[in-house]
Amino acid sequence: MALVNSDPSLIQRYPQSSWRRAERAFKCSPFRLDLLITLRHQSVSVRQVCHPQGVTQGYTRRSLSELQADNELMWLIAVGLLRREVDGQGLTDSFRLTPLGHHLCHHLEQLSTSQLRPTWGDHLHNTWHRWLRLPSWWQG
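All figures in this text were calculated on a predicted structure; none of them were measured in a lab.

### Notes on the layout of surface pockets
Right, so step 1: The computed volume of the largest pocket comes to approximately 220 Å³.
Right, so step 2: Along the walls of the largest pocket sit 13 residues, with Arg32, Arg61, Thr113, Leu116 and Arg117 positioned nearest its centre.
Right, so step 3: Going through the elements one at a time, helix H3 (16-28) and helix H9 (113-116) are the ones with two or more residues in the lining of the largest pocket.
Right, so step 4: Ranked by residues supplied to the lining of the largest pocket, first place goes to H3 with 3 residues.
Right, so step 5: Classifying every residue of the lining of the largest pocket by side-chain character gives 6 nonpolar, 3 polar and 4 charged.
Right, so step 6: Looking at the second largest pocket, its volume works out to about 190 Å³.
Right, so step 7: Arg21, Trp75, Ala78, His129 and Arg133 are, among the 10 residues lining the second largest pocket, the residues nearest its centre.
Right, so step 8: Those elements that place two or more of their residues in the lining of the second largest pocket are H3, helix H7 (66-78) and helix H10 (120-131).

### Quick word on the environment of Val86
Right, so step 1: With respect to the secondary-structure elements, Val86 resides in strand S2 (residues 82-87).
Right, so step 2: With 10 residues separating them along the chain, Val86 and Arg96 place their C-alpha atoms 9.7 Å apart.

Analysis parameters
Residues numbered from 1 in each chain as written. Predicted model: local features only at pLDDT ≥ 70, side-chain atom pairs only at ≥ 80, totals over all residues. Heavy atoms only, no water. 1 Å grid on protein atoms, 1.4 Å probe; cavity = no way out; pocket = protein on both sides within 12 Å on 5 of 7 lines; lining within 4 Å. Points joined across faces, edges and corners; volume = space filled by probe spheres on them. Helix = DSSP H or I, 4+ residues; strand = E, 2+ residues; numbered from the N terminus. Nonpolar A, V, L, I, M, F, W, Y, C, P; charged D, E, K, R; others polar.

Dropping the structure here:
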């Protein structure tokens, strides 16, 4: 996880644990880096990510149902990479990158294909955090 050590100004903005969790969550997700790159410039709706269209556009590794895509995108919201897009009438079904997501996208573009692959430990850690997600009111 060289990301935190690469830019000292980013350490001040985000805790190291947030960087690690966000990077791990993206690597373990069914999404490809092309999705983050597109999200850097425009919003993407959940319908563009699901079914064979997501694979065709290079957003996903495999075809996802709309429910699967929404669940995976919601996890990336929970770790701070994405946010729901808002229009004049409220929330939409589209997503955008957060500032953390912009920085992480830039970092991930510098990695090789093999560095983007999650380890078994990454999968276990990510699954554990998804399963153990504490409610927002929990102060720990």
